[in-house]
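Working through the structure, step by step
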Amino acid sequence: MRGRRIPLALPNTGTLHRKRNTYYLRGIIVITIVIFLFLQLHAFNFPESRDPLLTEPTNDSVDAILSMVPSVLHKFLTPKSRNQTLAANLQHNGTVLNGGGSVSFLDSYHPPNISEIKRQIAKYNDMQLVLNEYTFGPLQNDSVIIVIQVHTRIIYLRHLIVSLAQARDISRVLLIFSHDYYDEDINDLVQSIDFCKVIQIFYPYSIQTHLNEFPGVDPNDCPRDIKKDQAIIRKCNNALYPDLYGHYREAKFTQTKHHWWWKANRVFDQLEVTRYHTGLVLFLEEDHYVAEDFLYLLEMMQRRTVDLCPQCNILSLGTYLKTFNYYTYNSKVEVMPWISSKHNMGFAFNRTTWSSIRKCGKHFCSYDDYNWDWSLQHVSQQCLQRKLHAMIVKGPRVFHIGECGVHHKKKNCESNQVISKVQQVLRIARKSGQIFPKSLTLTVASLIKKTKLRKGNGGWGDRRDHELCLNMTLPIR
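A few points on the structure.

What counts, and at which threshold
Residues numbered from 1 in each chain as written. Predicted model: local features only at pLDDT ≥ 70, side-chain atom pairs only at ≥ 80, totals over all residues. Heavy atoms only, no water. Salt bridge = Lys/Arg side-chain N within 4 Å of Asp/Glu carboxyl O. Helix = DSSP H or I, 4+ residues; strand = E, 2+ residues; numbered from the N terminus. Buried < 20%, exposed > 50% of the residue type's maximum accessible area, 1.4 Å probe, protein only. Contact = heavy atoms within 4.5 Å. Axes fitted to C-alpha atoms, helices over the stretch in contact; angles between N-to-C directions. Parallel < 35°, antiparallel > 145°, perpendicular 65-115°, else oblique. Nonpolar A, V, L, I, M, F, W, Y, C, P; charged D, E, K, R; others polar. Core = buried A, V, L, I, M, F, W, Y, C linked by side-chain atoms within 4.5 Å. Pairing = 2+ DSSP bridges. Expected span 1.5 Å × (residues − 1). Disulfide = S-S within 2.5 Å. Phe/Tyr/Trp six-rings, centres within 6.5 Å; stacked < 30°, edge-to-face > 60°. Lys NZ or Arg CZ within 6 Å of the ring centre and 35° of its normal.

1. A few points about the pattern of salt bridges
- For the coordinates displayed, the defined rule picks out 16 salt bridges.
- Between Arg153 and Asp287 there is a salt bridge; the shortest N-O distance is 3.3 Å. Here Arg153 is found in the loop between strand E1 (145-150) and helix H8 (154-165), whereas its partner Asp287 is found in the loop between strand E4 (281-285) and strand E5 (288-290), with 134 residues between them in sequence.
- Overall, Arg153 belongs to the partly exposed group, its relative accessible area being 23%.
- The exposure class assigned to Asp287 is buried, which follows from its relative accessible area of 3%.
- Salt bridges linked by common partners bring Asp142, Arg172 and Glu299 together as one network.

Dropping the structure here:
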């Protein structure tokens, strides 16, 4: 009789255990990848740092931003309407307000009309008044001139001024604010600057002062998208000369290029205080922000061009990198041909370079591209015997904080997010000793493809724009 079969457990060979481990391992890998992607999406966009301070959340509230600015500079960030300014002036002068022959704000202040704006612009441009010159002395030939192109974005301009005020040796520079829009609140802000010499110049051919005529929008201008044969039949302005893409001019886009060329000519060749200056001229815009060592580094770069880059004729302090690491790049520079889309922010050159560019004015003014920087690159490629060659600092000292402008529109144009991030980056760099480097190191630039000659972006086919641009360059006496 056979005995009953009793099932016996097989010895554990590890197969099941390995399967379980595989499942666990896969799960861990998936979770790790998800967490990594989440952190990348929410990472701090500017630095790649090992500093624990970067784990702190970025607070972009107004109070948080003010807390990172010395209290003595809060006055530049505090909005003050023209009526408030007027009230303070009236009280200071002993004028009675409200009651007993009172003077009300609305009765006292009226925004200027176009005729008055034109008179004010002519007065400023004729006077060439240098504010604070008595306090800081005349401009020295080795001082830096900073030219800031200003439109209407006063919020960004306030932060730029605050950043300039904190820079070392700022008292030695001359700040030139070049405006293409007359705004008395902006004027009050600029004229309140007390940390260096200041002068204001006003682009006299603005859309604001030429509302219904060229270089503004003439009622008889050809619509942008009208076909050339239809434009000829209609006999609208410049019907024979659309741009490369068959479009007709848009004044709001042409103004920026006109303004840039006008201010360069004005600063180098026409203003009494600057027309014989041979030092560096640094170009900024209203939505830039500078590090406190930007002048220190600029002057160091200028000294080192002799041995690091004798062919360099442009020094660039800003880049458009989304991430950078001050631990790695704080004292490093690289050299390469000047590229308009990469090196157009916070760049400087001297009179020698300007003289070469100026001689190529026809190339700049007739190139069918409404962008001044692409037009400048065209000048370099097609006209200059000595091409534009740049020394670029790898750890930026000039940042772009503007979220809205000619090319970019967002729902919230007053966002403080980028400003807060830049402040955080600079605070970390300051605390970790990554600014004011003792020396510069030249790094090998990544291989750059030879820049191809390219046709322009258009928007500059109108012969009236060519003529106006060329007439801004006066014959050298």
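Read on for the rest.
2. What about the side chain of Thr443?
- Note on placement: Thr443 falls in the loop between strand E11 (441-442) and helix H18 (463-471).
- The class of Thr443 is buried, set by a relative accessible area of 18%.
- When neighbours within four sequence positions are excluded, Thr443 is seen to be in contact with Lys332, Val333, Glu334 and Lys394.

3. Here's the deal with the packing of helix H11 (residues 251-270) against helix H16 (residues 372-382)
- Two numbers describe how H11 lies on H16: the axes approach to 9 Å, and their chain directions differ by 55°. When the axis of H11 is compared with that of H16, the two are oblique. Counted together, Thr256, Lys257 and Trp260 of H11 and Trp372, Ser375 and Leu376 of H16 form the full contact between these two elements.
- For the contact of H11 with H16, the per-class residue count stands at 3 nonpolar, 2 polar and 1 charged.

4. Quick look at the environment of Thr152
- Counting through the fold element by element, Thr152 comes out in the loop between E1 and H8.
- Taking the C-alpha atoms as reference, Thr152 lies 8.6 Å from Tyr182; in sequence the two are 30 residues apart.
- Not counting residues up to four positions away in its chain, the partners in contact with Thr152 are Tyr181, Ile186 and Glu286.

5. With respect to the nonpolar core
- With 49 residues, the main nonpolar core has Ile146, Leu164, Leu175, Phe177 and Phe195 as its most contacted residues.
- Within the residue set of this core, elements represented by two or more residues are helix H3 (74-77), E1, H8, strand E2 (174-179), helix H9 (184-191), E4, helix H12 (294-308) and strand E9 (389-393).
- Those residues in contact with Leu164 that sit more than four places away from it in its chain are Ile146, Ile148, Ile170, Leu175, Phe195, Leu284, Val290 and Phe294.

6. Brief notes about H18
- Listed in full, the buried residues belonging to H18 are Asp465, His466, Leu468 and Cys469.
- Its buried side turned inward, H18 meets H11 and helix H15 (361-366).

7. Overview of the sheet that holds strand E7 (residues 332-337)
- Sheet architecture is open: 9 strands sit in the order E3-E2-E1-E4-E8-E6-E9-E7-E11, paired in mixed fashion. Edge strands, defined here as strands with exactly one partner in the open sheet, are strand E3 (197-202) and E11.
- Note that E4 and strand E8 (residues 347-349) share 3 bridges and pair antiparallel. Bridge pairing in E8 places Phe283 opposite Phe347.
- Here H8 sits on the sheet in contact with E1, E2 and E4, set at roughly 170° to E1.

8. Some details on H8
- Helix length check: H8 (12 residues) gives 16 Å between terminal C-alpha atoms against 16 Å at 1.5 Å per residue, within 8%.
- With 11 of 12 residues buried, H8 is to be regarded as a mostly interior element.
- Of all the residues in H8, the buried ones are Ile154, Tyr156, Leu157, Arg158, His159, Leu160, Ile161, Val162, Ser163, Leu164 and Ala165.

9. Thoughts on the state of the cysteines
- Considering all chains together, one arrives at 4 disulfides under this definition.
- Between the sulfur atoms of Cys309 and its disulfide partner Cys312 the distance amounts to 1.9 Å. Between Cys309 and Cys312, the disulfide has an S-S torsion of 80° and is therefore right-handed. The pair Cys309 / Cys312 is uniform in exposure class, with both members buried.
- The partner cysteine of Cys360 in its disulfide is Cys383, sulfur to sulfur 2.0 Å. Its torsion about the S-S bond being -85°, the disulfide of Cys360 and Cys383 is classed as left-handed. Remark: Cys383 occurs in the loop between H16 and E9 and Cys360 occurs in the loop between helix H14 (351-359) and H15; sequence separation between them is 23 residues.
- Since its relative accessible area comes to 3%, Cys360 is described here as buried.
- You can call Cys383 partly exposed: its relative accessible area is 25%.

10. Some thoughts on the packing of aromatic side chains
- Scanning the model with the defined rule gives 20 aromatic pairs in all.
- Their ring planes at 20° and their centres at 5.9 Å tell us that Phe347 and Trp372 sit as a pair that is stacked. Separated by 25 residues along the polypeptide, Phe347 in strand E8 and Trp372 in helix H16 bring together distant segments of the chain.
- You can call Trp372 buried: its relative accessible area is 7%.
- An aromatic cluster of at least three residues, connected via ring pairs, comprises Trp260, Trp261, Phe268, Phe283, Trp338, Phe347, Phe349, Trp354, Phe364 and Trp372.
- Here Arg168 stacks its cationic end above the ring of Phe436, 3.9 Å away from the centre of that ring.
- It is Lys257 that lies over the ring of Phe364; its NZ or CZ is 5.1 Å from the centre.

11. Quick look at the packing of H8 against H9
- Their axes nearest at 11 Å, the elements H8 and H9 cross at an angle of 5°. Considered as vectors, H8 and H9 are oriented roughly parallel to each other. Taking contact as the criterion, the partners of Ile154, Leu157, Arg158 and Ile161 in H8 are, on H9, Asp185, Ile186, Leu189 and Val190.
- Looking at the contact of H8 with H9 residue by residue, the class counts come to 6 nonpolar, no polar and 2 charged.

Everything listed here is a matter of geometry and, on its own, says nothing about what the molecule does.
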